Amino acid sequence: MEKALVLLHTVNGQLPPAALETLGLAHTLGGGFDLGVIGAGAAAAAQQVSGGAAKCFAVEGEAFAVSRYSTDAAACEAVIRASGAPLILAPDSMRFHRALPGVAERLGAAIDTHVVSVAADGAVERWYYRQRVETTLRRGQRPWILLIEPGSQPAAQPQAGAAPELLDVACETRTNVEGFSTPLAGEQTIRPDAALLFVAGAGWTKKQKDGAAHVDEAAELILDFVRRTQCSLGSSKSLVDLSGEGEAVLPFLTHLHQVGQTGSSPRHKKGLATCCHGEEPHVVGWRFIQERRAVNLDPNCGWVRGKADVVYVADAFEVMRELLKLL
Ligand SMILES: Cc1cc2nc3c(=O)[nH]c(=O)nc-3n(C[C@H](O)[C@H](O)[C@H](O)COP(=O)(O)OP(=O)(O)OC[C@H]3O[C@@H](n4cnc5c(N)ncnc54)[C@H](O)[C@@H]3O)c2cc1C
């Protein structure tokens, strides 16, 4: 295997899980690697994980603390040139997904995004078309930048090592970063790094056995569970579509929460579906969930037909009340 450069960035001064996963991949390839970290606190973060790296670089300072195309691209280009490694492994974060294609152009490099595996013989697997098509490919062009899909690799155990060489990168920019605004009106409940995905289906808003709907209680139970467990919240399409049809809705759910064929395919270790029927267009979004459980009143729901590991045929209101007592 060729030598690789593991190129990472910090988030609030720390290396996020996706960075440790990319580093974990480099450890398994056996070709040796350099390490480069950019962002706030990059030097300290690099030293915490530089064990095993041949060379180590960092770019930090006020200009590189924030995610901004011009400064990120300049910093990444400097690190890649300093290392000279033919293969560059970087997490497919929003920050690098935006900056690295431009860097590839400047370096005459090839780049692939959504990479889910790299074999020691140089074969690379990646997704296309919202993860519906998977290909195996090789390229002769070098350098070759590979953006590694978060959640697809086991994380490395951090091993401290040598202090990095601080690269002095000059870059002019016309863009001032003033802050972030998020499209979600309320609380952030989508947590890609959580171990558990909790999915709410349309059943939460339907009439229950007493003949009435209990949307307020449903909202309380779901949010209480999500807050206590810090799990990620997902939804079926039917539930997020209800708002457009003027029906009673759970106000904290948006189309960004939708899991499924026309929604997202998140990667979590475990998933728990509640009041959700388990129809194929929904369950296809669960293909990266390793352990699946569902709670449904209907013993013939879709989950029972081989789509979940465990199905509790039960009232989700009662199950969640008991679960919250245990928590
Ligand atoms: C082209 C296409 C793309 C689609 N893409 C998506 C997609 O991306 N994501 C998606 O989710 N869907 C998608 N769908 C829609 C999908 O087929 C289903 O219609 C949808 O997933 C159903 O949502 P649901 O299970 O929440 O609702 P329902 O089918 O209404 O099921 C509600 C369930 O709640 C249960 N329930 C009710 N009360 C309780 C209770 N107290 N305790 C336990 N269980 C209870 C009921 O038994 C029922 O099974 C797509 C469809 C098409 C045609």
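Analysis parameters
Residues numbered from 1 in each chain as written. Predicted model: local features only at pLDDT ≥ 70, side-chain atom pairs only at ≥ 80, totals over all residues. Core = buried A, V, L, I, M, F, W, Y, C linked by C-beta atoms within 7 Å. Buried ≥ 20, exposed ≤ 12 C-beta atoms within 10 Å, placed from the backbone. Helix = DSSP H or I, 4+ residues; strand = E, 2+ residues; numbered from the N terminus. Contact = placed C-beta atoms within 7 Å. Expected span 1.5 Å × (residues − 1). Bend = angle between axes of the 7 residues up to and from the residue. Pairing = 2+ DSSP bridges. Domains from an automatic or database assignment. Axes fitted to C-alpha atoms, helices over the stretch in contact; angles between N-to-C directions. Parallel < 35°, antiparallel > 145°, perpendicular 65-115°, else oblique. Left-handed = near helix turned anticlockwise from the far one by under 90°. Nonpolar A, V, L, I, M, F, W, Y, C, P; charged D, E, K, R; others polar.

### Notes on the nonpolar core
Then comes step 1: Val6, Cys76, Ile88, Leu89, Leu100 and Leu146 are the most contacted members of the largest nonpolar core, which totals 51 residues.
Then comes step 2: Counting residues per element, this core draws most heavily on helix α4 (residues 69-83), which supplies 7 residues.
Then comes step 3: Beyond its immediate stretch of four places on either side in the chain, Leu146 contacts Leu87, Ile88, Leu89, Asp112, Val115, Val118 and Val124.
Then comes step 4: Residues Ala202, Val226, Val259 and Cys276 belong to the second largest nonpolar core, which totals 33 residues.

### Comments concerning helix α5 (residues 94-107)
Then comes step 1: Here α5 is 14 residues long and its end C-alpha atoms lie 21 Å apart, about the 20 Å a rise of 1.5 Å per residue gives.
Then comes step 2: The largest bend along α5 measures about 30° and falls at Leu100, with the proline Pro101 one to four residues further on.
Then comes step 3: All buried positions along α5 are accounted for by Arg95, Phe96, Ala99, Leu100, Val103 and Ala104.
Then comes step 4: Buried residues belonging to α5 abut β1 (4-9), α4, β4 (87-91), β5 (110-118) and β8 (144-148).
Then comes step 5: Downstream of α5 by a residue or two, Gly108 has a phi angle that is positive, lying close to 65°.

### Here we look at the sheet that holds strand β9 (residues 165-166)
Then comes step 1: In spatial order, the strands read β7-β6-β5-β8-β4-β1-β2-β3-β9; together these 9 strands make up an open sheet with mixed pairing. Either end of the sheet is taken by a strand with one partner, and the two such strands are β7 (133-137) and β9.
Then comes step 2: Pairing of β5 with β8 involves 4 bridges; the strand directions are parallel. Among the inter-strand pairings, Ile111 is bridged to a residue of β8, identified as Ile145.

### Details of the domain arrangement of the protein chain
Then comes step 1: For the protein chain, the assigned domains are domain 1 (4-166) and domain 2 (196-326).
Then comes step 2: Taken over C-alpha atoms, the centre of domain 1 sits 35 Å from the centre of domain 2.

### Brief notes about the packing of helix α6 (residues 215-229) against helix α9 (residues 316-326)
In a pair of packed helices, the angle between the axes and the distance between the axes together describe the arrangement.
Then comes step 1: Remark: α6 packs on α9, axes separated minimally by 10 Å, with the N-to-C direction vectors making an angle of 40°. Here α6 lies oblique to α9, going by the angle between them. Crossing of α6 over α9 shows left-handed handedness. Between α6, through Glu217, Leu221, Asp224 and Phe225, and α9, the contact on the second element is made entirely by Phe317, Met320, Arg321, Leu323 and Leu324.
Then comes step 2: When grouped by side-chain class, the residues that make up the contact of α6 with α9 number 6 nonpolar, no polar and 3 charged.

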